[in-house]
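Take a look at the letters that make up each chain.
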Amino acid sequence: MKQFAYTIQDPLGIHARPAGLLTKEAKKYASLCTITKNGVTVKAGQLMKLMSLGVKQGDTVTVTAEGEDEDTAIAGLKAFFEANL
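Now for a look at the structure at hand. Treat the numbers as computed from the prediction; the structure is a model and nothing was measured. (Residues numbered from 1 in each chain as written. Predicted model: local features only at pLDDT ≥ 70, side-chain atom pairs only at ≥ 80, totals over all residues. Heavy atoms only, no water.)

Considerations on the sheet that holds strand β3 (residues 40-43)
Inference 1: The four strands are arranged β1-β4-β2-β3 in an open sheet whose pairing can be described as antiparallel. Taken across any chain shown, the strands that pair with only one partner, and hence form the sheet edges, are β1 (2-7) and β3. Averaged over all adjacent pairs, the angle separating strand axes in this sheet is 25°, with direction ignored.
Inference 2: One ladder, built from five bridges, connects strand β2 (residues 32-37) with strand β4 (residues 60-66); its direction is antiparallel. By the bridge assignment for β4, isoleucine 35 is matched with valine 63.
Inference 3: In the packing of helix α3 (residues 70-84) onto the sheet, contacts are made with β1, β2 and β4, and the angle to β1 comes to roughly 5°. (Pairing = 2+ DSSP bridges. Helix = DSSP H or I, 4+ residues; strand = E, 2+ residues; numbered from the N terminus. Axes fitted to C-alpha atoms, helices over the stretch in contact; angles between N-to-C directions. Contact = heavy atoms within 4.5 Å.)

In structure tokens:
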């Protein structure tokens, strides 16, 4: 299992557009990718559950990848977060 913590920089947080892009990114990998905020964990590939976290600017989330391509998945997700959120 690989993970990293990230503090959201986007003024709107994880809103519809980046949530959709994040879902697509997570679905590229065979590993189970999850996002955790305040003890609530959801699969990164499930758009509505991701949106239900209500992630705002300044919130810190933990991103986890577990599976056969977890190294690739965590690197890809980290790059996505840094570029988009």
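From this point on, the discussion continues.
A closer look at the packing of aromatic side chains
Inference 1: Inspection of every chain in the model, using the stated rule, returns three aromatic pairs.
Inference 2: Ring centres of tyrosine 6 and phenylalanine 81 lie 5.5 Å apart, and the angle between their planes is 65°; this geometry places the pair in the edge-to-face category. Taken as a pair, tyrosine 6 in strand β1 and phenylalanine 81 in helix α3 lie far apart in primary sequence, 75 residues in all.
Inference 3: For phenylalanine 81, a relative accessible area of 0% gives the class buried.
Inference 4: Members of the aromatic cluster, each reached through a chain of ring pairs, are Phe4, Tyr6, Phe80 and Phe81.
Inference 5: Cation over ring: lysine 78 sits above phenylalanine 4, and NZ or CZ is 5.8 Å from the ring centre. (Phe/Tyr/Trp six-rings, centres within 6.5 Å; stacked < 30°, edge-to-face > 60°. Buried < 20%, exposed > 50% of the residue type's maximum accessible area, 1.4 Å probe, protein only. Lys NZ or Arg CZ within 6 Å of the ring centre and 35° of its normal.)

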